[in-house]
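# Chains, contacts and geometry: an overview
What follows is each chain in one-letter form.
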Amino acid sequence: MNAVEIEQAISDLALQPFDAAEFPFAFLAAFGNKETTLKRLRAGNNNASDVPGGVLQRNNIHIAVCSPGTTGAGLQALRASPATAKGKAKFILATDGQTLEAEDLSAGETIACDYPSFPDHFGFFLPLAGISTVKEIKDNPIDVRATGRLNKLYVELLRENPSWATAERRGDMNHFMARLIFCFFAEDTDIFNGEALFTRTVEQMSDRDAGNTHQVLSEIFRAMNVKIADRAAANLPRWADAFPYVNGGLFSGSAEVPRFTRMARTYLLHAGTLNWKQINPDIFGSMIQAVADEDERGELGMHYTSVPNILKVLNPLFLDDLRAQLEAAGDNKIKLLNLRKRIARIRVFDPACGSGNFLVIAYKQMREIEAEINRRRGESHLGSEIPLTNFRGIELRDFPAEIARLALIIAEFQCDVLYRGQKDALAEFLPLTAENWIVCGNALRLDWLSICPTTGTGVKVTADDLFGTPLNQTEIDFENEGGETYILGNPPYLGARWQEDAQKDDIQGLFAHRCKNWKSLDYVSGWFIKASDYMGHGSALAAFVTTNSACQGIQVPTLWSMLFSAGCEIFFAHTSFKWQNLASKNAGVTVAIVGFGRSVRGTRRLMSVAEDGSLVVKLVDNINGYLTAGANIEVEKASSPMCQQAEMTFGNTPIDGGHLLLDARELEALGLDADQASRFTRRIYGSSEFIRGVPRHCLWISDEDLAEATSIPAVRKRVELVRESRQKGGATAKEIAVRSHQFQRMNEGRFQTIVVPGVSSENRPFLPVGLIERGAVPSNKCFALYDAPLWNMALIASRLHWVWIGTVCVRMRTDFSYSNTLGWNTFPVPLLTEQNKADLARCAENILLAREAHFPATIADLYDPDTMPENLRQAHEHNDEVLERIYIGRRFKNDTERLEKLFDLYTKLVAKASSAKPAKAASAKKAARKAAA
C-alpha cells in the first residue's frame, strides 16, 4: 500500500463505530497486513502480547484496547511489558475508542489525540508499512489527503469520459485539474470572497445526480476569464458573478469540463472540505504529479522529496553564501540594500523541474532572507523584489509543468501573507499575469540559453500564456537584468541499459561527436554536459542530484574527463547517500550531489555521511570525478596486480549451448555410479549458485577419461550436442568444437579456490567472497583465485575493497559488476609483512567459521543487511579493524576517507610505475646493444 491508500484506510476506520475487539486487526489491515497474517494473530498463534486486550505483531507494534478513561495507563502498561521488548515492537498504541495515544519506541516521539482525529497522525505510523517518512508529512498530512481525494476524482472522471484519457485530450484533463486545485486553494485563503465559495456553489447549484455539474463548473471557470468591466455583456449567471477575474492563462481558452457521475461529484465535494490553506506547494506539487501518470499512480503519494534533501543542493550552491552575506551585513543598511538587490537578480534554473519543488524551495528560502533584510532596514511593508519569472524550468510532461507554475504562484501568495500580511497579499494577487516561465519540452533537445539566457541576452523560448505550450511564443525577459545564474535539479537517472530509444537518441546527439564511449553513459550525463555548454556562454554554477554511478566506473573517464577539459571544476560534492521519499521498505536510490562550474575560486567542500550518521564536511583543494579529495585521476585497467595480491582470473566458460551444465534432475538422469560421478562431474559455482546456494553440476571430463565417459549414452549425447552447438557458433566456439567434452578453459584449484561472484547486490555491506570445496569449479559468472593464500580473501571481504569496487568498476543496473583488471589488479594495498598476512588469514578463517555456525544458511541469507548474524558482523568488523590499521593505524571514519586513502595510494602506484618505465626501457636498450655487440 502507498501513503495515500493508507491515509484513506485509516480515515475510513476512524469513521466507523469503534469495535474494541476488532480495532487492532482493522488498524493493522489499514497498513497493508494480509488477511492470512491477521487470521493467525486473531487465532493467537502469532500474538505474543502479555497485556489484557493486547495484540502484539513482532518487529512491528503492540496494541492494547483499554476500558474507558484508561488510555494513558494502557500505554504505560505496553511500555513496561516484557513482551514489547522481547517482540522487538517499534510502536506501542493504546485506545479506549475516545482517545488514542501512541509512541515510536525508537525515536521516542509520542502522540495523543481524540480517537476521531487519529488519521491526522497517519504519517507517524507510516513506518508500520515499511514506508520511510519525513517530518513535513508527519506534521502536515493535508498534502497526502489532497492527493488521494484528487486521484479518486481523476480516475472516476476518466472512467466516465474515456476520450479525455486520450493523448489528444489529456492536456485538457490536466488543465482542468490545475483549475480545480487553484479554486480549492483560493476559497480557503480568501482569494475568493465568502466562505467555501467554490465548494458551496458547486454543492448548491449542481444536481445531486451530477447531471449538470459540468455546466456549473464551466460557468464558474468562464466567469474567472471575464474582466469585471465586461461582465454585464457576458451573460453570466448571478451565482457565477461572485467569482473574481483570474485569467493569467489559467482560465483562458475553452471552459469545457468533463461530465461528472454522482460519485465524481461526491469526490469533488470531499476534496473541497479539506483545509487547502495548509497546502505546502512543494510537497503537494511533487505528489500530485503521479495522478496524471498511469505508470506512476501505483506509487501515489510517494514522490515527495524532503526539504532537507533539497537544501543539500541549494545551500552549498548559493544559499549558504547569501546567508553569510546577511550575517556579515549586520544592521548596515547599505550592505543590506546591496544584498537585496543581488538577491532580486539571481536566476534559478531547473532544467528537469518536475512539479517545481526545487524552484519552490529556492523561492521560499530567498523570500525568507529578503524578509529579514527588510526587517533590519525597517521596511517590512515593502513588496518583494524577487520576481517569479527568475525561477525558470523545463519539464517534459505537461501536467507537472502546469503544477510547477501553479505551485510557484501559491508559494508567492503564501510568502506575501507571511511577510506582508493577508490584506497586502490579496490586494496584489489578482489578476494573475499571463506569463509562462516554465517550458514544457525535452531539456536535452532545447537550447537552454533561449529559456534562461545569460546576462544581456533576451529570452527566445517561452509560451504565450501561463498554461500554454512552447508554441506561438512571445519573449518574457527577466525583470531584473544582470545577476547570477544557478542551474540545479534532480534530473532522470536511467543507466544505459534502461534507456528507451528516444533517450538513447538524446544521449547520442549530445555525446557522439565528443567521445567514443557515449553508449555507456547514464541519462543524467546529458544535463551535466548541457550545463557545461551553457557555462561556456556566461557565468553560471550548477548542482545536480545524480545516481552515484555517474561518478563511478567508466563514467569518470568518459564524462568527467570531458567536463574537466572544458574548464569545469567540482566546487562541492555530497558523496553517496539514500535519496529517500515516501518509498516503501526504505527504497531510495543511492545518489550523490555534484556542484560544478568554471573558474571556481577558493577551497572546495566535500561532504559525506559518517558511519554514526553525522555529516562530515572537509575543505579540500580539489575534488575529482570519483568525488574524492585529490587530483583528477582516472583508474585504468591493469593486466596484473599492482601490489602483492594473487592473480585473479575468470572462472571457466562453458560455450556449450547449456549441455555441459546439469541441475540435480539432469545429473540423476545420467545414471552414473558414485565413482563415475566423482570422475566425470563437478559441482560448479556461478554468481547465483554461490550466493543463493543453488546446487548445480557440470560434466568435467579429462582427456584420459573421454572414452569411458562417452561410452555412457547420456553423456555421449550431451557431448555431441555441445559439438553441434559449437560448430554453429562463432570463431572461438568452432575452435574448441574438437574437444566438446570440456569447457573453453579447465581451471581448478589443487587445494582451494577463492571465488568472487561477477555481479552482486550493492545492498550487502560486504562483497560475497569465499572458498568452494575442493573438486568444485567456478564458472565464468565468477572470478577465481586458484590456490591463493587465504589472506587474499580478507582483502576482498573488507569494506575497503567494497568501496573501491563500487567506485571504479562498472555497475550492472545498481548492482556491483566485479572486474579483475579494473577492480582487483588496481586495488591499492600497502606492503604487507608476513605477520600482516598471517593476521589477515586468521580474519578470513574467522569469517568462514562464523558462516559455518549458521549452516545451511546461504550467503544471501547471511548477508541480508537487516538480519546479518551478529557473530558474522563482528568477524567482518575485526577484519576491517586489522586491515585498516595496516593502512593508517586506525579505523577510517567513513567511506569517503577510505576512498581518499585508496586514491592517494593508487596515484603513487601509477607515478611509480610511470617512472619505472623509462628505466626499464633504458635497461632493455642497453641489453640489446650488448647483445648486438
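Residues numbered from 1 in each chain as written. Predicted model: local features only at pLDDT ≥ 70, side-chain atom pairs only at ≥ 80, totals over all residues. Heavy atoms only, no water.

## Structural notes on the packing of helix H10 (residues 197-205) against helix H11 (residues 213-223)
Applied cut-off: Fitting a line to C-alpha atoms yields each axis, with helices limited to the stretch in contact; the angle taken between N-to-C directions then spans 0 to 180 degrees. A run of H or I in DSSP counts as a helix once it spans at least four residues, and a run of E counts as a strand once it spans at least two, with each numbered from the N terminus. Under this scheme an angle from 65 to 115 degrees is roughly perpendicular, one under 35 degrees roughly parallel, and one over 145 degrees roughly antiparallel; angles in between are oblique. For any pair of crossing helices, the crossing counts as left-handed if the nearer helix is rotated counterclockwise from the farther one by less than a right angle, and right-handed if it is rotated clockwise. Contacts between residues were defined by any pair of non-hydrogen atoms, one from each residue, lying within 4.5 Å. Following the grouping adopted for this structure description, the nonpolar residues are Ala, Val, Leu, Ile, Met, Phe, Trp, Tyr, Cys and Pro, the charged ones are Asp, Glu, Lys and Arg, and the polar ones are all others, Gly among them.
Look at H10 against H11: their axes get within 9 Å of each other, and the N-to-C directions meet at 140°. As the angle between them shows, H10 and H11 are arranged oblique. As for how H10 packs across H11, the hand of that crossing is right-handed. Across the interface between the two elements, Phe198, Thr201, Val202 and Met205 of H10 pack against Thr213, Val216, Leu217, Ile220 and Phe221 of H11. By residue class, the composition of the contact of H10 with H11 is seven nonpolar, two polar and no charged.

## Some remarks on the sheet that holds strand E10 (residues 541-547)
Heads up, the condition is: Here a strand pair is declared whenever DSSP counts at least two bridges between the two strands.
Across the sheet, which stays open at both edges, the nine strands sit in the order E8-E7-E6-E9-E10-E12-E11-E13-E14 with mixed pairing between neighbours. What marks the edges here is a single partner per strand, and that holds for strand E8 (438-440) and strand E14 (615-620). Neighbour-to-neighbour, the strand axes of the sheet open up by a mean angle of 15°, direction not taken into account. One ladder, built from three bridges, connects strand E6 (residues 347-350) with strand E7 (residues 391-395); its direction is parallel. When the bridges of E7 are listed, Asp350 appears paired with Gly393. Lying over the sheet, helix H14 (residues 307-329) contacts E6, strand E9 (485-489), E10, strand E11 (568-579), strand E12 (589-598) and strand E13 (604-609), oriented at roughly 160° with respect to E11.

## Some words on the sheet that holds strand E16 (residues 661-662)
Taken in spatial order, the four strands line up as E16-E18-E17-E22 in an open sheet, and their pairing is mixed. Edge positions in the open sheet fall to E16 and strand E22 (777-778), since each of these has one partner strand only. Pairing geometry for strand E17 (residues 681-685) and E22, over two bridges, is parallel. Paired with Tyr685 across the bridge in E22 is Pro778.

## Some details on the nonpolar core
As a reminder, the rule being used: For the purposes of this section, nonpolar cores are sets of buried Ala, Val, Leu, Ile, Met, Phe, Trp, Tyr and Cys residues that join through side-chain atoms within 4.5 Å. Note on exposure labels: buried denotes an accessible area under 20% of the residue type's maximum, exposed denotes more than 50%, and partly exposed covers the range between, all computed with a 1.4 Å probe on protein chains only.
Trp448 and Phe511 are the most contacted members of the largest nonpolar core, which totals 108 residues. Here Phe511 is in contact with Trp518, Leu521, Ser525, Gly526, Ile529, Leu559 and Met562, once residues within four sequence places are set aside. One finds Ile142, Phe251, Ile343 and Ile369 within the second-largest nonpolar core, a separate group that totals 106 residues.

Nothing here speaks to function; it is all geometry.
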